[in-house]
Amino acid sequence: MLPRVLTLLAVGLLVVACGGDDAPDVGDDPAPSPSPSASPDVGVPAGLTEEAEGARQLVADETGARPADVEVVEAETVTWRNGALGCPQPDQSYTQALVDGYRFLLRAEGQEFHVHGRTGDAPFICENPQEPSGGGTG
């Protein structure tokens, strides 16, 4: 009986010396906290990450909000009907070919903003948006 008691005592001392149950197990790392610029956005398609950040900055500049406070409500890749990119202006002519691009709906300071663009180009705010050819693709 004495050897068993000594074994249990030794194990107990070892547990206490090693930190007991308070020592973190492998894989118990806390989840990384979101970055200060993270917001509860919808999923932005992988290929539009830079454009989404540009759109956020554009709306932030327009409203005076911080880019982190600009929410991405909708984000998708689209095919525009022509070079107007879904935002035709009076007395302007546009290329009449399908154009790959994107569109976002962002919200800041209680306002919503439609932001359009051509793939690889900077985004712009569209005051009177039109639907892309055949609707969105993403």
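Refer to the structure presented above.
Moving on to the overall build of the protein chain. Scanning the protein chain for helices and strands turns up two helices and four strands. Across the protein chain, helices and strands are ordered from the amino to the carboxyl terminus as α-α-β-β-β-β. Counting every position in the protein chain, which comprises 138 residues, the buried fraction comes to 28%. Expressed as a percentage of contacts within the protein chain between residues at least 6 apart in sequence, the contacts between residues at least 24 apart total 60%. Here the protein chain has roughly 9,200 Å² of accessible surface; of this, 54% comes from carbon and sulfur atoms.

Further remarks concern unusual backbone geometry. In this model, Leu85 sits at a positive phi of 55°, which is unusual for a non-glycine residue. A relative accessible area of 8% means that Leu85 is categorised as buried. For Asp91, which is not a glycine, the phi torsion comes out positive at approximately 60°. With respect to the element layout, Asp91 can be found in the loop between β1 (71–80) and β2 (99–108). On the basis of relative accessible area, Asp91 is assigned to the exposed category, the value being 80%.

A separate point is the nonpolar core. Judged by nonpolar contacts, the single largest core of 15 residues is most densely connected at Val59, Val70, Phe104, Leu106 and Val115. Counting only elements with at least two residues in this core, the list comes to α2 (49–63), β1, β2 and β3 (111–118). Sequence-distant contacts of Phe104, that is, excluding residues within four places in its chain, are made with Leu48, Glu51, Ala52, Ala55, Val72, Glu74, Ala75, Phe113, His114 and Val115.

Criteria and cut-off values
Residues numbered from 1 in each chain as written. Predicted model: local features only at pLDDT ≥ 70, side-chain atom pairs only at ≥ 80, totals over all residues. Heavy atoms only, no water. Helix = DSSP H or I, 4+ residues; strand = E, 2+ residues; numbered from the N terminus. Buried < 20%, exposed > 50% of the residue type's maximum accessible area, 1.4 Å probe, protein only. Contact = heavy atoms within 4.5 Å. Areas by Shrake-Rupley, 256 points an atom, 1.4 Å probe, with all protein chains shown as cover. Core = buried A, V, L, I, M, F, W, Y, C linked by side-chain atoms within 4.5 Å.

Fair warning: the whole summary comes from geometry, so function is off the table for now.
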